[in-house]
Amino acid sequence: MSARVVARLNVLLAAVLVVAGLLLVSSQHRARKLSTELERAQGQMRELDVRYSQLQLEVSRLAKASLIDGRVRKELNMISLSPERTLYLKEPN
Amino acid sequence: MVRSVKFAAPKLLQTRLQLWRSRFIFSLVVMCFVALGGKALYMQTMSAPFLQAQGAQRYEKTIELQANRGRILDRHGVVLATSLPARSIWAYPDRVDLSDPRLMDVARLLDIKPLELQRRLTAEDKTFVFLKRQVNLDTAERIKALRIKGIGQDGEYKRDYPQGEMVAHMVGFTDIGHVGQEGLELSFQSTLAGQVGSRRVIRDGTGQIIGGLDQVREPRDGRDLRLTIDSRIQSRTFDALKDAVKANRAQAGAAVVLDAKTGEVLALANWPSYNPNERSHLSGGQLRNRAITDLYEPGSTLKVFTAALALESGKYRPSSILDAREGKLTIGRDTIRDSHRIKDLMTLEQVIQKSSNIGTAKMALSLPAEDHWRLLTSAGFGQASKTGFPGAAAGRLRPHKKWKPIEHATISYGHGISVSLLQMARAYTIFAGDGELLPARIFKTEDEQRGRPMQVSMRARDEATVRGVPVIKPETAAAVRKMLEMAAGPKGTAPMSQVPGYRVGGKTGTTTKIEDGRYVKKYVASFVGMAPMSDPRIIVAVMIDEPSTGKYYGGQIAGPIFSRIAGDALQTLSVEPDAPFETKIPPMVALSKGGM
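Residues numbered from 1 in each chain as written. Chains lettered and ligands numbered in written order. Predicted model: local features only at pLDDT ≥ 70, side-chain atom pairs only at ≥ 80, totals over all residues. Heavy atoms only, no water.

**Student:** Pulling in residues and values, what's your account of the nonpolar core?
**Tutor:** Residues and elements named next belong to chain B. Counting 124 residues, the largest nonpolar core has Phe305, Phe381, Tyr428 and Phe431 as its most contacted members. By residue number, the principal contributor to this core is helix H21 (residues 554–572), which donates eight residues. Setting aside anything within four residues of it in sequence, one finds Phe381 in contact with Leu302, Phe305, Leu376, Ala394, Leu397, Ile417, Val419, Gln423, Met424 and Ala427. Within the second largest apolar cluster, 19 residues are counted, among which are Ala91, Ala107, Leu121 and Val135. (Core = buried A, V, L, I, M, F, W, Y, C linked by side-chain atoms within 4.5 Å. Buried < 20%, exposed > 50% of the residue type's maximum accessible area, 1.4 Å probe, protein only. Helix = DSSP H or I, 4+ residues; strand = E, 2+ residues; numbered from the N terminus. Contact = heavy atoms within 4.5 Å.)

The structure is reproduced here in structure tokens:
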């Protein structure tokens, strides 16, 4: 192999090295950006989780049997079910 | 033509220098490199751990990953206890400017008096104080927005009990550090508590996370606990009990509703109760779960076990005649009496219906004490029920070898033995079915907890029938059921326990309390019953401690509560009526609805 060829090869390899270096930098940058985004999304997920359990708790509180019972009796003037006021239907076999 | 001159060999350099000078410089340079190499080697090997740690400290951070404490749910997924993130608000008193007008806003947001806030911030000996803990997130954010120097906050969790006092005794509560203190929160601490995880991350200069390292310890959330309680039945049972304790001006009361087919506890209520969210003024009496941890003398509610024993022995039949006309029975130096003298001969069935102490005692004394003891033991008396609830009382049942005849007689009608209300309700499962004792359960099993939809099913009876331990013959159970129905009937001791539309059966109990070893004029009125009698679905046990309005018989006090609780529970469970009743629906409506 002549010295010329070796010199060219060297230039080529140097260029490849530079390009590879730049690509590495940019890919690392992207990875960092993406992981920041992932963190943010996970944070949002936790917040939504919390919100969900808050809402579930609120549902439980509002659906408290004693609360409904009281309001239904007072505001809607409803009374408890009793057999004499219930129409029983037989399911046909 | 120009002669080429070699650049590397200028004339100047050809002058000869003394050799030692160049050697000296050369060795100096070499020595410098050696020194550098040595230092590098030292840093790479000897002080590497220290340097690496220092480096990591500047960009790596371990983040704690929070784990949720498990929730406590009822059988249909209604939340009984749950945890929500909250904040603790703290201050460095020496850094807070006390003249800052925004401190008034802080006091208002935290709902503490400005003077109290002032006092805490001027406490001399403290460099750090909590202003308030477990503050909800919205309030905490508003305080954060005020940006007051010296006041900060940390994340924590707050336990919330949306159902309040209704299930307080079952669920219990946790302390500020989220550790169970009472009830199921205490006994299932390890199941409910999660395990905090951690994660190592790399941060950039602004503190933002730009990547994770592989060191992750996943957090493990606590497991949810699903109870067998039906919060609708629980709520109505609780209300009925509360009303009754107040109406009878009683000290306390407890009620248990069991599923007669599975032994599952559908409701367990106590009064007095407390609000687990507001625990600043709690007394021991409020905290007691009387249905499980308190013992009482069951009195006449135990007579049916003597009747069952008599039938099992083969010596008696439901129609066997017993004589209690004398009104008293003397055993040794003691005499036992009936509360109402019965002037006619009675059948065994009538002994239970009229609740005759003498009839029951005569039956018991004609049978071996050992058999009696064995029946009571196999019905679960004298042993703590394995429900998984803390502090379940075992009750007291002395070994039969120590029974004197008078003891044998009194135990037959429920005196000289102590039980808990839950034990009593559970023991009645042998009469509700085919003579098998079912385990009283407060939890759904793991399988049942998994994969069940979180919706309220109107047909609550979706569980397979549980098999129990055989204690008595199915025929005996059926015969006792008949007696229970008679006792709750118009000629029995508890006609007030009737439920419109349903056949019910049950036994009353009235006992005087023992204080300092002797009976005093304070009563415990109880009732244990089941319904509907054609195929019992529920067992209800009610106990009222020290009613003080003049009435004290179980039939008068506990009977009506049974009626209300059983009626509500049967309706909630959509159980079809098995007794004739008069419909109030006009025939036209019935026809048009029926024809649709």
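**Student:** Quick one: what's the story with a positive patch on the surface, residue by residue and with numbers?
**Tutor:** A grouping of Lys328(B), Arg337(B), Arg341(B) and Lys343(B) is seen on the molecular surface, where their side chains present a positively charged patch. On the secondary structure map, Lys343(B) appears in the loop between strand S13 (334–337) and strand S14 (346–347). (Patch = residues over 30% accessible without salt bridge, like charges linked within 9 Å, V, L, I, M, F, W, Y side chains within 5 Å. Areas by Shrake-Rupley, 256 points an atom, 1.4 Å probe, with all protein chains shown as cover. Salt bridge = Lys/Arg side-chain N within 4 Å of Asp/Glu carboxyl O. Lys, Arg positive; Asp, Glu negative; His and termini not counted. Charge placed at Lys NZ, Arg CZ, Asp CG, Glu CD.)

**Student:** An account of the sheet that holds strand S17 (residues 505–515) of chain B is needed here, citing residue identities and associated values.
**Tutor:** All names here are of chain B. Here we have five strands laid out as an open sheet, ordered S10-S9-S19-S18-S17, and antiparallel in their pairing. Edge strands, defined here as strands with exactly one partner in the open sheet, are strand S10 (265–271) and S17. Each neighbouring strand pair of the sheet contributes to a mean axis angle of 10 degrees, computed without reference to strand direction. Where helix H20 (residues 474–487) meets the sheet, its contacts fall on S17 and strand S18 (518–531), and the angle it forms with S17 comes to roughly 75 degrees. On the sheet, H21 packs against strand S9 (252–259), S17, S18 and strand S19 (538–545) and is oriented at approximately 145 degrees with respect to S19. (Pairing = 2+ DSSP bridges. Axes fitted to C-alpha atoms, helices over the stretch in contact; angles between N-to-C directions.)

**Student:** Let's hear about helix H14 (residues 357–365) of chain B: which residues, and what values?
**Tutor:** When you tally the buried positions in H14(B), you get seven out of nine residues, the bulk of the element. At the N-terminal end of H14(B), a side-chain oxygen is found 3.4 Å from the backbone nitrogen of Ile358(B), two or three residues along, and the residue is Ser356(B). (Polar contact = N/O pair within 3.5 Å; in protein donor to acceptor, adjacent residues only side chain to side chain.)

**Student:** A description of the pattern of salt bridges should follow, citing residues and the corresponding values.
**Tutor:** This structure, assessed with the given rule, holds 32 salt bridges over all chains. Taken together, the salt bridges that share partners define one network made up of Asp69(A), Arg73(A), Arg236(B) and Asp568(B).

**Student:** Explain the sheet that holds strand S6 (residues 197–203) of chain B to me, using residue names and the numbers behind them.
**Tutor:** Across the sheet, which stays open at both edges, the three strands sit in the order S1-S6-S7 (chain B) with antiparallel pairing between neighbours. In the strand order of this sheet, the two ends are held by strand S1 (60–65) and strand S7 (209–217) of chain B, each with one partner. With direction set aside, neighbouring strand axes in the sheet form an average angle of 30 degrees. Two strands pair when backbone bridges link them, and S1(B) and S6(B) are joined in this way by six bridges, in the antiparallel orientation. Residue pairing for S6(B): Lys61(B) is matched across the bridge by Val201(B). This element, helix H1 (residues 3–62) of chain A, spans S6 and S7 of chain B of the sheet and lies at about 70 degrees to S7(B). Strands S1 and S6 of chain B of the sheet are contacted by helix H2 (residues 48–59) of chain B, whose axis makes an angle of about 60 degrees with S1(B).

**Student:** Help me get a handle on the packing of aromatic side chains, residues and values and all.
**Tutor:** All names here are of chain B. Counted according to the given criterion, the structure contains 14 aromatic pairs over all chains. Between Phe305 and Phe381, the ring centres sit 5.4 Å apart and the planes meet at 80 degrees, which makes this aromatic pair edge-to-face. In this pair, Phe305 sits in helix H12 (residues 303–313) while Phe381 sits in the loop between helix H15 (369–378) and helix H16 (405–412), placing the two residues 76 residues apart along the sequence. A ring pair is formed by Phe305 and Tyr428, whose centres lie 5.8 Å apart and whose planes are at 75 degrees; its orientation type is edge-to-face. One end of the pair, Phe305, is in helix H12; the other, Tyr428, is in the loop between helix H17 (421–427) and helix H18 (429–432), and 123 residues separate them in sequence. Under the relative-accessibility criterion, Tyr428 is labelled buried at 0%. The rings of Trp90, Tyr92, Phe128 and Phe130 are connected pair by pair, giving a single aromatic cluster. Taking NZ or CZ as reference, Arg95 lies 4.4 Å from the ring centre of Tyr92, over its face. (Phe/Tyr/Trp six-rings, centres within 6.5 Å; stacked < 30°, edge-to-face > 60°. Lys NZ or Arg CZ within 6 Å of the ring centre and 35° of its normal.)

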